[in-house]
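The lines below spell out each chain.
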2 protein chains.
Amino acid sequence: MRATVLIRPKQGILDPQGEAVQGSLRKLGFAVGQVRVGRLVDVEVEVEANGSDDARAQIKRMCDELLANPLIESYEIRLEGS
Amino acid sequence: MRATVLIRPKQGILDPQGEAVQGSLRKLGFAVGQVRVGRLVDVEVEVEANGSDDARAQIKRMCDELLANPLIESYEIRLEGS
């Protein structure tokens, strides 16, 4: 089962990369408001029962243990086909 | 109008970051297949007519001009509420 994890800086956390992108977009003439930059991770999970609950639980553990920093980042899990 | 741009390394393009994450996840005991790491950009676009076609066209131009490297990256635009 394939999944995409979207990892974003939490609201209130400084995002210098987002500010830099915002500045560059404005210099290029785009009228943009807030810009935030995060990461995405596409993962292929081997789930025995092909159960999406199991996959979601596994990916949640991956996020907590490795993929995201829960102090400053929030994450969102999207399972393919759900 | 808010939008999220998902930027991924194209298939066939080496993704050392994804390989590193894959290795780390396996060391932690997770049975994962391919892992790819990309970026995401949340943008607030000021669209006069609030037209989603206009917003999508604007964001496509941002991607081509600044956000993505079309040689090695593909991007996907998701407008909020669509």
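Keep in mind it's a predicted model, so treat the numbers as computed, not measured.

## Digging into the side chain of Asp 15 of chain A
Residue and element names in this part refer to chain A.
Logical step 1: By the element assignment, Asp 15 lies in the loop between strand E1 (2–9) and helix H1 (16–27).
Logical step 2: The buried charged residue Asp 15 lacks any salt bridge, with Arg 36 as its nearest oppositely charged partner at 4.4 Å.
Logical step 3: Separated by 2.8 Å, the side chain of Asp 15 and the backbone nitrogen of Val 37 make a polar contact.
Logical step 4: Non-local contacts of Asp 15, meaning those with residues more than four positions away in its chain, are made with Pro 9, Val 35, Arg 36 and Val 37.

## Observations regarding the confidence of the model for chain A
Residues and elements named next belong to chain A.
Logical step 1: The predicted model of chain A averages 93 in pLDDT, with 94% of residues at 70 or higher.
Logical step 2: Per-element mean pLDDT across chain A ranges from 93 in helix H2 (residues 52–67) up to 98 in H1.
Logical step 3: Scored as a whole, the predicted complex attains pTM 0.91, and scored at its interfaces, ipTM 0.90.

## Quick notes on the interface of chain B and chain A
Logical step 1: Between chain B and chain A, the residue contacts involve 32 residues of the former and 32 residues of the latter.
Logical step 2: Both sides of the chain B and chain A interface together cover about 2900 Å² of buried area, and 59% of this is carbon and sulfur.
Logical step 3: Along the contact surface separating chain B from chain A lie two salt bridges.
Logical step 4: Between Asp 42 of chain B and Arg 8 of chain A there is a salt bridge whose closest N-O contact spans 2.6 Å.

What counts and how
Residues numbered from 1 in each chain as written. Chains lettered and ligands numbered in written order. Predicted model: local features only at pLDDT ≥ 70, side-chain atom pairs only at ≥ 80, totals over all residues. Heavy atoms only, no water. Helix = DSSP H or I, 4+ residues; strand = E, 2+ residues; numbered from the N terminus. Buried < 20%, exposed > 50% of the residue type's maximum accessible area, 1.4 Å probe, protein only. Lys, Arg positive; Asp, Glu negative; His and termini not counted. Salt bridge = Lys/Arg side-chain N within 4 Å of Asp/Glu carboxyl O. Polar contact = N/O pair within 3.5 Å; in protein donor to acceptor, adjacent residues only side chain to side chain. Contact = heavy atoms within 4.5 Å. pLDDT = per-residue confidence, 0-100. Buried area = accessible area lost by both parts, 1.4 Å probe.

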